[in-house]
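Next come the chains, spelled out residue by residue.
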Amino acid sequence: MIKFMGALKLYVCGLLLVVVLGLTGCNGEEQEVIPQQTCDTQATVKNLPGCGLVLVLKNNQILVPVNLTTLPEIKSDRQQYKINGFTVEENQQVIIGFVKKGHVDKACLVGGQLAEVTCIVGYQAQP
C-alpha cells in the first residue's frame, strides 16, 4: 500500500507538471524581434520655417522626429528641444539611430520622413 501511495504521488506530481508546462508554453503567437539600432548616422538639427524642428542627414534627407519635446522658453534667445530625452538646439551636429515611421504630410516637407530616434549623441565638428 505504501508503494502504491508513493507511485500515485509521483504520478500526480508528473501530471501536474505537464499541465503547468502546457499552460505556460507556446501559444502559437510569434513576437516580432526588433534588432538593436545603431547610432551611426550624422545629422544636423534644423528649424525649418513652417515645419518645425527636423534632422537633416548628410544625403539631405529630412527626418521629422516623432519623439520630440519642445521645452518651455526661458530667458534665452533660442528655443530648446529634446529628442529622445537629449537636449538639442538649432544647427547642432548629432549622430543618431532611427526607425522610419512613415512619410510626412506637411506641404513644406514633401519627401520628408517621420522617424523615431532610437539613440542620439551630440558632437562638435572640427574646424
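Residues numbered from 1 in each chain as written. Predicted model: local features only at pLDDT ≥ 70, side-chain atom pairs only at ≥ 80, totals over all residues. Heavy atoms only, no water.

**Q** Explanation requested: the sheet that holds strand β5 (residues 81-83) in the structure shown.
**A** Strand pairing within a sheet occurs via backbone hydrogen bonds; the two strands may be parallel or antiparallel. As summarised here, the arrangement of the three strands in space is β4-β5-β6, forming an open sheet in which the pairing is antiparallel. The sheet is open, and its two borders are formed by β4 (68-70) and β6 (86-88), each paired with just one other strand. Looking at each pair of strands side by side, their axes are set apart by 30° on average, direction ignored. (Pairing = 2+ DSSP bridges. Helix = DSSP H or I, 4+ residues; strand = E, 2+ residues; numbered from the N terminus. Axes fitted to C-alpha atoms, helices over the stretch in contact; angles between N-to-C directions.)

**Q** Can you walk me through the nonpolar core in this structure?
**A** Generally speaking, a soluble globular protein has its nonpolar side chains buried in company with each other. Ranked by internal contacts, the top residues of the largest apolar core, which has 15 residues, are Leu 55, Leu 63, Ile 83, Val 88, Val 94, Ile 96 and Ile 120. Mapped by element, the contributors of at least two residues to this core are β1 (41-48), β2 (52-57), β5, β7 (93-103) and β8 (113-123). Setting aside anything within four residues of it in sequence, one finds Ile 83 in contact with Leu 53, Leu 55, Pro 65, Asn 67, Leu 68, Val 88, Val 117 and Ile 120. Listed in part, the six residues of the second largest apolar core include Cys 51, Val 64, Val 104 and Leu 109. (Core = buried A, V, L, I, M, F, W, Y, C linked by side-chain atoms within 4.5 Å. Buried < 20%, exposed > 50% of the residue type's maximum accessible area, 1.4 Å probe, protein only. Contact = heavy atoms within 4.5 Å.)

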